[in-house]
2 protein chains.
Amino acid sequence: MTPSCEMLKEHDLRSTPGRQAILSLFLRKKHALSHGDIERWLDPQYDRVTVYRTLRTFLKRGIIHKVLDDEGDLKYALCSEACSSSHHHHDHVHFKCRKCGETSCLEVEIPAVKLPRGYLVSERNLLIQGVCRKCT
Amino acid sequence: MTPSCEMLKEHDLRSTPGRQAILSLFLRKKHALSHGDIERWLDPQYDRVTVYRTLRTFLKRGIIHKVLDDEGDLKYALCSEACSSSHHHHDHVHFKCRKCGETSCLEVEIPAVKLPRGYLVSERNLLIQGVCRKCT
DNA sequence: CTGTGTGCAAACACTTTGCAGGTGT
DNA sequence: ACACCTGCAAAGTGTTTGCACACAG
């Protein structure tokens, strides 16, 4: 049984060829993938609509999460353990490289930020842009 | 001469009724506006296409900047002095309220974040979500 | 007067929905 | 066997483009 197949069952999802293909793409690439990336790398036998539906399903089951860059381009990335359902943590840090264009999750803490009185914080999302290790 | 008219001239833009109307919307509301917000509050005499083009122009001239929330919804907000052309600064903090849905710019500093070796940082964008002062 | 802005229509890209048939368990 | 996935076609939504006319400077 392949890793992607196992993951699907863990999340109570039927293991179909399409889902396995998309999931193993995420496992193979380490950075966030856009819908376009997925279509480009996926066997073209799969319908665009299936990709949309699969991503939505994965999103609902907490297998992946949305990653947005400064231009509003939407990508998706695998959720880490820390990110998954029960003890969901509420800080996300993403790094987008100006050279290779790849966006990936960073496992770092966001220091406390001083806000004016009266603001309640429930979630923080930090997007850092620059040049990644590979491209330096 | 109205404030919005002056601002347009400062940015070398012709002062037309449509531009003034949109710009004064930004001056009146203090939070970020989506395209939809603008259409809703603008005199309906203005064409949707004009709004698109006007926003793009304002963006290019540095009158407004993009504001994105966690869902990828795009809004626009006036640039502060600090944000404008010459000594552009490279940190942005936005706060989105879960109750009223409004997003606004905060003038706070982002503390340094520790990154792994080899990463070069050029810009940081922090989105904080929670409940704003008005809604507490 | 000249170059730029605007409105309208149409093109375009992206995403969702309905339905019939196929597939995993 | 049944519920759920998938592909296809079509509808829906948001954004851009081409062109003729209007307007600011």
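Residues numbered from 1 in each chain as written. Chains lettered and ligands numbered in written order. Predicted model: local features only at pLDDT ≥ 70, side-chain atom pairs only at ≥ 80, totals over all residues. Heavy atoms only, no water.

Some details on the protein's contact with DNA strand C
At step 1: Surrounding DNA strand C, one finds 18 residues, the nearest of these being Tyr52 of chain A together with Thr16, Arg19, Thr50 and Arg53 of chain B.
At step 2: Backbone atoms, meaning sugar plus phosphate, form 62% of the atoms of DNA strand C positioned within 4 Å of the protein.
At step 3: A distance of 2.9 Å separates a base nitrogen of DNA strand C from a polar side-chain atom of Arg14 of chain B.
At step 4: Between DNA strand C and the protein, one listed contact pairs a phosphate oxygen with a backbone N or O atom of Asp47 of chain B at 3.4 Å.
At step 5: For the surface near DNA strand C, the secondary-structure elements that each account for two or more residues are α4 (48–60) of chain A together with α4 (48–60) of chain B.
At step 6: Considering every element that reaches the surface near DNA strand C, the biggest residue donor is α4 of chain A, with five residues.
At step 7: Here the residues of the surface near DNA strand C are counted per class, giving four nonpolar, five polar and nine charged. (Near = heavy atom within 4 Å. Polar contact = N/O pair within 3.5 Å; in protein donor to acceptor, adjacent residues only side chain to side chain. Helix = DSSP H or I, 4+ residues; strand = E, 2+ residues; numbered from the N terminus. Nonpolar A, V, L, I, M, F, W, Y, C, P; charged D, E, K, R; others polar.)

Comments concerning the sheet that holds strand β6 (residues 120–131) of chain B
At step 1: Read from one edge to the other, the open sheet built from six strands follows the order β5(A)-β4(A)-β6(A)-β6(B)-β4(B)-β5(B), with strand pairing classed as mixed. Pairing within the sheet leaves two strands with one partner each, and these edge strands are β5 (103–106) of chain A together with β5 (103–106) of chain B. Direction aside, the axes of adjacent strands within the sheet are offset by 25° on average.
At step 2: Of the strand pairs in this sheet, strand β6 (residues 120–131) of chain A and β6 of chain B are connected by eleven bridges, and their pairing is antiparallel. Each residue of the ladder has a partner; that of Arg124 of chain A, found in β6 of chain B, is Ile128 of chain B. (Pairing = 2+ DSSP bridges. Axes fitted to C-alpha atoms, helices over the stretch in contact; angles between N-to-C directions.)

As for the pairing of strand β4 (residues 91–97) of chain B
Residue and element names in this part refer to chain B.
At step 1: Across the seven residues of β4, seven count as buried, placing the element largely inside the fold.
At step 2: Here β4 shows no split at all, with Asp91, Val93, Phe95 and Cys97 on one side and His92, His94 and Lys96 on the other all buried.
At step 3: When β4 meets β6, the two strands line up parallel, connected through seven bridges. Paired with Val93 across the bridge in β6 is Leu126.
At step 4: Of the strand pairs in this sheet, β4 and β5 are connected by four bridges, and their pairing is antiparallel. Looking at β5, one finds that Val93 is bridged to Leu106.
At step 5: Here β4 hands over to β5 after five residues, with Gly101 in that stretch at a positive phi of 80°. (Buried < 20%, exposed > 50% of the residue type's maximum accessible area, 1.4 Å probe, protein only.)

Let's talk about the protein's contact with DNA strand D
At step 1: In the vicinity of DNA strand D lie 16 residues, with Thr16, Arg19, Thr50 and Arg53 of chain A together with Tyr52 of chain B positioned nearest.
At step 2: Counted by atom, the contact set of DNA strand D within 4 Å of the protein is 64% sugar and phosphate.
At step 3: Between a phosphate oxygen of DNA strand D and a main-chain N or O atom of Ser15 of chain B, the distance comes to 3.5 Å.
At step 4: Breaking the surface near DNA strand D down by element, the ones donating at least two residues are α4 of chain A together with α4 of chain B.
At step 5: With four residues, α4 of chain B is the largest single contributor of residues to the surface near DNA strand D.
At step 6: Residue composition of the surface near DNA strand D, by class: four nonpolar, four polar and eight charged.

Observations concerning unusual backbone geometry
Generally, phi is negative for residues other than glycine and the peptide bonds are trans, each holding for most cases.
At step 1: The residue Asp12 of chain A is not glycine, and still its phi comes out positive at about 60°.
At step 2: Take Asp12 of chain A: its relative accessible area is 66%, and that puts it in the exposed class.

So, to be careful, I would describe these as geometric facts and stop short of saying anything about function.
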